[in-house]
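Below, each chain spelled out in residue letters.
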Amino acid sequence: MSVSTEKFLVIGPKDPIVAVLGEAITLPCSLSPAMNAESMELRWFRSVFSEVVFMYQNQREQKEKQMLQYKGRTSLVKDFLTQGAAAVRIDKVRVSDDGPYTCFFRNGDFYEDAPLVVKVAGVGSDPQVYIEGPEEDGIRMVCMASGWFPKPLVQWKGPSREKFLAFSESYAQDAEGLFSVEASLVVRDSSVRNVTCSIFNPILDQEKVKAIFIPEPFFPQASFPWMPVFVVSLTMLMLLSLGAGYFLKKEHSAKVQEWKNQENLQQEKRKDKKDSELAMKEWNAGRTGVFEVIEEQNSICLPLHSQGEGIHGEYDCSLTRVCSLSAWRKVQLYADWRKEQFQTWSVTLDPQSAHPDLALSQENMSVTWKDNCENLNDDRCLVLGTKGITSGRCYWKVKVRDGVTSSWAVGVCREDVYRGGCLRLCPEKGFWVVGHFIGGFCACATPDTSLTLRQFPCQVGVFLDYDGGDVSFYNMTDGSHIFSFSQISFSGTLFPYLMIYSGTPSLTICSMEGGPKGTPVLLNTFPSSLDESMSPPEEGFRSGSGGDGVLPGVESPLLPSGPRAVSP
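Computed from a prediction, not measured in an experiment: that's the story for all the values here.

**Overview of the overall build of the protein chain**
Part 1: A tally of regular secondary structure across the protein chain gives three helices and 34 strands.
Part 2: In the protein chain, buried positions account for 42% of the 568 residues.
Part 3: In the protein chain, 64% of the contacts between residues at least 6 apart in sequence involve partners at least 24 apart.
Part 4: Approximately 30700 Å² of the protein chain is accessible, and the part contributed by carbon and sulfur atoms is 52%.

Below, the structure is given as structure tokens:
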């Protein structure tokens, strides 16, 4: 394995690069500190890594991976390549060249990139102005121009250079993306004889102007009898007043009704909370054992287990009714019951994906450092699971030993991610992981999210909902929620991911015996209405996830399951 010890930054222009239609532009980038880039891989691409604008590798241009729209229009400016500076030249600029770019430099296993922005601009035809004819009490003027980019600004001006504000305009784009504009103005002042139409490109700061003379006979000669105008105006004013009054009254009634609905909802929430707290207080005072749930007259009853006596299965249904069937749906959203909706996923580590400095156990279920091995290359040494995931819901658990004094991470990653060298772990790069680093426990997002946990996790549960676009992490020691990546549009195959960076940790895939294995669960089995029957007692509450007496809302499925969990 080739290892690069030289680190660098890639620097691009801070301001957007202005490109004129039909001309050429260069997209420059440089290295800091300056170093010879002749043997490096250089790549300019658009929004994703595979949209290659230009690629230089093995000291020659790689044309086979270039996007079709850039073929024959690009070349490398390499006069200062030995000093760490390079630029790609794009000839015959088009509208489609507008937008963001990224320049990418890779030396061995180390790489960096920098963003660039190109603003394409073009000046089109001169404005054409003509008189369309009389309209109402004035004369209508029309101004047209085409071949402009981006959308130009239009202004009408009078003989004293004053601007006319009352006019309309419409735009259209042709197949090449160039804009055409048509603007109209009604001139009602018969003293105005000259009108000017101005088309302005704000990026290039260029303007084209056209003036037209209006002969006096074009203005209509009409009398304005004051009485009909006064009657019509008064009638319109009265109708507007009546309409405004009706609208205000209707809006006030709607707000009052909304306020009443909110007040009723708050009262129901306070009542549910009070009933739950009362039931939990009575239960904590004289009863032990695990929760079980039965349905009796649309109520949930608690087991009656006296201290030192009582028979499993007896229920104290004389307690205050704890909650309705909707509360049963809420209680399944705790961390421990989350497993009921996920299939256990049997994870075996793939030796082919393991970093050379890592050692796997004989059954490929545990990973740690090789004997007398130190991470001298600043690599994040990783290993993936053998089986990929493309749909459904599944979960697995990872046991962490010596995790408090070490740097490590667990989660999932896409199959096509770049895994060599100094990795940048974030969803944008195809990684959804959490772990413990020098700064503490954090989620590897953009930016990194620091997490505060009351209890360090000795077992981390990874819950993957591929179709729902969610990856959630739980402390399986106390059942509390750690962090969730949500609203993700997954694509391709995902693999379980384990990483060791420093210290002497050991990460072990926990045995998933006792639960079903195989294809991830595809269906959600939550009850959908109050008329549906509840699950039997053995499928309801599970031990080890005691609550604090307040059930989480349906709208917050990732709330902690108990008082020991602290949200990040």
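**Points about the pairing of strand 9 (residues 99-107)**
Part 1: Here strand 9 lies mainly inside the structure; eight of its nine residues are buried.
Part 2: Where strand 4 (residues 41-45) meets strand 9, five bridges bridge the pair, whose relative direction is antiparallel. Each bridged residue has a counterpart across the sheet, and for R43 the counterpart in strand 9 is F104.
Part 3: One ladder, built from nine bridges, connects strand 9 with strand 10 (residues 110-121); its direction is antiparallel. Across the sheet, residue Y101 finds its bridge partner in strand 10, namely L116.

**Notes on the pairing of strand 32 (residues 480-485)**
Part 1: A large share of strand 32 lies buried, amounting to six of its six residues.
Part 2: Remark: four residues form the turn of the hairpin made by strand 31 (residues 470-475) and strand 32, two consecutive strands paired antiparallel; G479 in that turn has positive phi of roughly 75°.

**Quick look at a nonpolar patch on the surface**
Part 1: Together, V232, M236, L239 and L242 make up a nonpolar patch on the protein surface, roughly 430 Å² of accessible area in all.
Part 2: Of note, M236 is situated in helix 1 (residues 226-286).
Part 3: Residue M236 is classed as partly exposed on the basis of its relative accessible area, which comes to 46%.

**Focus on the sheet that holds strand 18 (residues 206-213)**
Part 1: Pairing in this open sheet of four strands is antiparallel, and the strands run 14-13-17-18 from one edge to the other. Edge positions in the sheet fall to strand 14 (163-164) and strand 18, since each has one partner strand and no second.
Part 2: Here eight bridges tie strand 17 (residues 194-201) to strand 18, and the two strands are oriented antiparallel to one another. From the neighbouring strand, N201 faces strand 18, where its bridge partner is Q206.

**Concerning the pattern of salt bridges**
Part 1: Inspection of every chain in the model, using the stated rule, returns 12 salt bridges.
Part 2: One salt bridge connects R140 with E132, and the closest N-O pair in it is separated by 2.8 Å.
Part 3: In this structure R140 comes out as partly exposed when scored by relative accessible area, which is 22%.
Part 4: For the salt bridge of D465 with R393, the shortest nitrogen-to-oxygen distance reads 3.4 Å. Separated by 72 residues along the polypeptide, D465 in strand 30 (residues 459-465) and R393 in strand 25 (residues 393-401) bring together distant segments of the chain.
Part 5: By relative accessible area, which is 15% here, R393 ends up buried.
Part 6: Several salt bridges share partner residues, and in doing so they unite E41, R43 and R106 into one network.

**What to know about the side chain of S366**
Part 1: Along the polypeptide, S366 turns up in strand 23 (residues 366-369).
Part 2: Take S366: its relative accessible area is 14%, and that puts it in the buried class.
Part 3: Side-chain polar atoms of S366 contact the backbone oxygen of L507, separated by 3.5 Å.
Part 4: Setting aside its immediate chain neighbours within four residues, S366 contacts L349, A359, L360, S361, S506, L507 and T508.

**Here's the deal with the packing of aromatic side chains**
Part 1: According to the stated counting rule, one finds 19 aromatic pairs in the structure shown.
Part 2: Both rings, one in F8 and one in F110, keep their centres 5.0 Å apart while their planes meet at 85°; by these two values the pair is edge-to-face. In this pair, F8 sits in the segment before strand 1 (9-11) while F110 sits in strand 10, placing the two residues 102 residues apart along the sequence. Each member of the pair, F8 together with F110, is buried.

**Examining the confidence of the model for the protein chain**
Part 1: Mean pLDDT over the protein chain stands at 79; residues scoring 70 or higher make up 75%.
Part 2: Within the model, the stretch residues 286-333 combines pLDDT values under 50 with 112 contacts to residues more than four positions away or in other chains.
Part 3: Between residues 522-568, whose pLDDT stays under 50, and residues either more than four places distant or in other chains, the model counts 113 contacts.

**Quick notes on the sheet that holds strand 24 (residues 381-384)**
Part 1: Ordered by their spatial adjacency, six strands build an open sheet running 24-33-26-27-28-29, and the pairing between neighbours is antiparallel. One side of each edge strand has no neighbouring strand; the edge strands of this open sheet are strand 24 and strand 29 (449-450).

**Here's the deal with the environment of E136**
Part 1: One can find E136 in the loop between strand 11 (128-135) and strand 12 (138-148).
Part 2: Along the sequence, E136 and R188 sit 52 residues apart, while their C-alpha atoms lie 8.8 Å from each other.

**Points about the state of the cysteines**
Part 1: Counting across every chain of the model gives two disulfides.
Part 2: Disulfide pairing places C29 opposite C103 at an S-S distance of 1.9 Å. Linking C29 and C103, the disulfide has an S-S dihedral of approximately -95° and is accordingly described as left-handed. Separated by 74 residues along the polypeptide, C29 in strand 3 (residues 25-32) and C103 in strand 9 bring together distant segments of the chain.
Part 3: Look at C103 and you get buried, because its relative accessible area is 0%.
Part 4: Shown here is the disulfide that connects C143 with C197, its sulfur atoms set 2.0 Å apart. Note on the C143 and C197 pair: the S-S dihedral is about -80°, so by sign convention the disulfide is left-handed. A residue pair is termed long-range when its members are at least 10 positions apart, and C143 in strand 12 and C197 in strand 17 qualify at 54 residues. The exposure classification of C143 matches that of C197, with both residues buried.

Rules behind the numbers
- Residues numbered from 1 in each chain as written.
- Predicted model: local features only at pLDDT ≥ 70, side-chain atom pairs only at ≥ 80, totals over all residues.
- Heavy atoms only, no water.
- Helix = DSSP H or I, 4+ residues; strand = E, 2+ residues; numbered from the N terminus.
- Buried < 20%, exposed > 50% of the residue type's maximum accessible area, 1.4 Å probe, protein only.
- Contact = heavy atoms within 4.5 Å.
- Areas by Shrake-Rupley, 256 points an atom, 1.4 Å probe, with all protein chains shown as cover.
- Pairing = 2+ DSSP bridges.
- Patch = residues over 30% accessible without salt bridge, like charges linked within 9 Å, V, L, I, M, F, W, Y side chains within 5 Å.
- Salt bridge = Lys/Arg side-chain N within 4 Å of Asp/Glu carboxyl O.
- Polar contact = N/O pair within 3.5 Å; in protein donor to acceptor, adjacent residues only side chain to side chain.
- Phe/Tyr/Trp six-rings, centres within 6.5 Å; stacked < 30°, edge-to-face > 60°.
- pLDDT = per-residue confidence, 0-100.
- Disulfide = S-S within 2.5 Å.

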